[in-house]
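Chain residues, written in single-letter form:
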Amino acid sequence: MNVVAAIIERDGELLICQRKTGRSHGGKWEFPGGKVEARERLKPALERELREELAIRAAIGDEIARYRYTYPGRRPIQLIFFRVTEFEGEPVNVIFEQIRWEKPANLAAYDFLDGDVEFVKTLAR
């Protein structure tokens, strides 16, 4: 399964999102995005996810990371991260506990999803 995520940049900060309490991995932080549906291409999938989760229309930029991760008891997923520096509208919290703009150097202080932890460390450097 492919999962796409956006590294949304604005004024030297990145947009991070906290999953709602009571849901899978509730309280954990992540980058917005989600599962790629059958026969869906990666960038259009991320555009769709950002409309659904943040109510923005984003221009999906370059792929910046791709790796496989396996959560205990689950099938492996392929995580694909894209840079987003241009978007229309102000991000609105549609589905998350909270959303926050944060400097990359501060990301390691957040409790990110296990699959994102190593990637977050590289962003924080």
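Above: the structure in question.
Throughout what follows, the structure given in this document is the object of discussion. (Residues numbered from 1 in each chain as written. Predicted model: local features only at pLDDT ≥ 70, side-chain atom pairs only at ≥ 80, totals over all residues. Heavy atoms only, no water.)

Bringing the overall build of the protein chain into the picture now. Helix and strand counts for the protein chain come out as 2 helices and 9 strands. Taken over the C-alpha trace, the protein chain has a radius of gyration of 13 Å; the compact-globule value for 125 residues is 14 Å, and the two agree within 12%. Counting only C-alpha atoms, the protein chain reaches 40 × 35 × 30 Å along its principal axes. Sequence separation of at least 24 residues holds for 65% of the intrachain contacts in the protein chain that already meet a minimum separation of 6. Accessible surface, the protein chain as shown: approximately 7,200 Å² in total, 45% of it carbon and sulfur. Averaged over its 21 positive side-chain charges, the protein chain has a centre that lies 5 Å from the centre of its 21 negative ones. (Helix = DSSP H or I, 4+ residues; strand = E, 2+ residues; numbered from the N terminus. Rg over C-alpha atoms; globule rule 2.2 N^0.38 Å. Contact = heavy atoms within 4.5 Å. Areas by Shrake-Rupley, 256 points an atom, 1.4 Å probe, with all protein chains shown as cover. Lys, Arg positive; Asp, Glu negative; His and termini not counted. Charge placed at Lys NZ, Arg CZ, Asp CG, Glu CD.)

Let us look at the nonpolar core. With 19 residues, the main nonpolar core has Phe31, Phe81, Leu107 and Phe112 as its most contacted residues. Mapped by element, the contributors of at least two residues to this core are strand E1 (2-10), strand E2 (13-18), strand E7 (77-84) and helix H2 (117-124). If we ignore the near neighbours within four places in the chain, the residues touching Phe112 are Ile16, Lys28, Trp29, Glu30, Phe31, Leu107, Val117 and Val120. (Core = buried A, V, L, I, M, F, W, Y, C linked by side-chain atoms within 4.5 Å. Buried < 20%, exposed > 50% of the residue type's maximum accessible area, 1.4 Å probe, protein only.)

The next thing to look at is the side chain of Lys28. Relative to the elements of secondary structure, Lys28 occurs in the loop between E2 and strand E3 (29-30). Engagement of the side chain of Lys28 in a polar contact is seen with the side chain of Asp111, the distance being 3.0 Å. (Polar contact = N/O pair within 3.5 Å; in protein donor to acceptor, adjacent residues only side chain to side chain.)

What follows concerns the pattern of salt bridges. In total, this model carries 11 salt bridges according to the counting rule given. For the salt bridge of Asp114 with Lys28, the shortest nitrogen-to-oxygen distance reads 3.8 Å. With Asp114 in the loop between strand E9 (98-102) and H2 and Lys28 in the loop between E2 and E3, the pair connects residues that are 86 residues apart, well separated along the chain. Note on Asp114: relative accessible area 40%, which makes it partly exposed. Taking the shortest distance from any N to any O, the salt bridge between Glu63 and Arg66 comes out at 2.8 Å. In this structure Glu63 comes out as partly exposed when scored by relative accessible area, which is 35%. With a relative accessible area of 41%, Arg66 lands in the partly exposed category. Here the salt bridges share partners, and the residues they tie into one network are Glu37, Glu40, Arg48, Glu49 and Glu52. (Salt bridge = Lys/Arg side-chain N within 4 Å of Asp/Glu carboxyl O.)

For the rest of this paragraph, the subject is the side chain of Glu102. Here Glu102 lies in strand E9. Side-chain polar atoms of Glu102 contact the side chain of Tyr110, separated by 2.4 Å. In this structure Glu102 touches Glu13, Leu14, Ile16, Leu107 and Tyr110, once residues within four positions along its chain are discounted.

Along any regular strand the residues' side chains alternate between the sheet's two faces. With respect to burial, E2 is a largely interior element, 5 of its 6 residues being buried. Bridging between E1 and E2 involves 2 bridges; their strand directions are antiparallel. Looking at the pairing, Arg10 lines up with Glu13 of E2. Hairpin connection of E1 to E2: 2 residues between the antiparallel strands, including Asp11 at a positive phi of 50°. Sheet topology places E2 next to E3; 2 bridges connect them, and they run antiparallel. Residue pairing for E3: Cys17 is matched across the bridge by Glu30. (Pairing = 2+ DSSP bridges.)

Geometry only, nothing functional implied.
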